Amino acid sequence: MSNENCKLLEKLKFELAFIEDGGYGRSVRTPHTPTSLFQDSLTCLNFGDPSHAHPCAECTLMQYVPESRKNEEIPCHHIPLDRESRTVSTLEASEAEESLKLWLHREIDRLEGEPVV
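In this report, the structure presented in the accompanying data block is examined. From a predicted model like this one, the values you see are computed outputs, not experimental measurements.

With that settled, the discussion passes to the packing of helix α1 (residues 3-20) against helix α2 (residues 93-112). As a packed pair, α1 and α2 sit with axes 10 Å apart at the nearest point and diverge in direction by 150 degrees. Note that α1 runs across α2; the crossing there is left-handed. Residues N5, L8, L9, L12, K13, E15, L16, I19 and E20 of α1 pack against E97, L100, K101, W103, L104, H105, E107, I108, L111 and E112 of α2. Residues of the contact of α1 with α2, tallied by class, amount to 10 nonpolar, 2 polar and 7 charged.

The following block contains the structure:
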């Protein structure tokens, strides 16, 4: 597995652990504001940075975003999560979180199956 894929694997595992630990539950500080998958996680390059100093193009998740969606405001919300190409942006919040968990499990399994280089 390449160094790049090792970093990606680490990021996907962190995101999965974050979701499974309830990380996307409502914030204690802002319970009226819904959370945003990917964006409200430490995996996001711009987490906690309202100025969004880092372009999304620098994110390792961009490799999963279809070319036609890379210029969207939140490109990672357009990653196809299943065979029907449903995405965070096309699913209801609870369904999106479940679909994201399944996608993360599949990608982690796929990357862990790669031979170490």
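Our focus in this paragraph is the pattern of salt bridges. Applying the stated criterion to the full structure yields 7 salt bridges. One salt bridge connects E107 with R110, and the closest N-O pair in it is separated by 2.8 Å. Of the two residues, E107 and R110 are both situated in helix α2; the distance of 3 residues between them amounts to about one turn of the helix. For E107, a relative accessible area of 11% puts it in the buried group. Beyond isolated ion pairs, a larger network of salt bridges with shared partners links D82, R86 and E95.

A separate point is a nonpolar patch on the surface. Together, F14, L42 and F47 line one region of the surface with nonpolar side chains, adding up to about 300 Å² of accessible area. Position of L42 relative to the elements: it lies in the loop between α1 and α2.

Quick notes on the rules
- Residues numbered from 1 in each chain as written.
- Predicted model: local features only at pLDDT ≥ 70, side-chain atom pairs only at ≥ 80, totals over all residues.
- Heavy atoms only, no water.
- Axes fitted to C-alpha atoms, helices over the stretch in contact; angles between N-to-C directions.
- Helix = DSSP H or I, 4+ residues; strand = E, 2+ residues; numbered from the N terminus.
- Left-handed = near helix turned anticlockwise from the far one by under 90°.
- Contact = heavy atoms within 4.5 Å.
- Nonpolar A, V, L, I, M, F, W, Y, C, P; charged D, E, K, R; others polar.
- Salt bridge = Lys/Arg side-chain N within 4 Å of Asp/Glu carboxyl O.
- Buried < 20%, exposed > 50% of the residue type's maximum accessible area, 1.4 Å probe, protein only.
- Patch = residues over 30% accessible without salt bridge, like charges linked within 9 Å, V, L, I, M, F, W, Y side chains within 5 Å.
- Areas by Shrake-Rupley, 256 points an atom, 1.4 Å probe, with all protein chains shown as cover.

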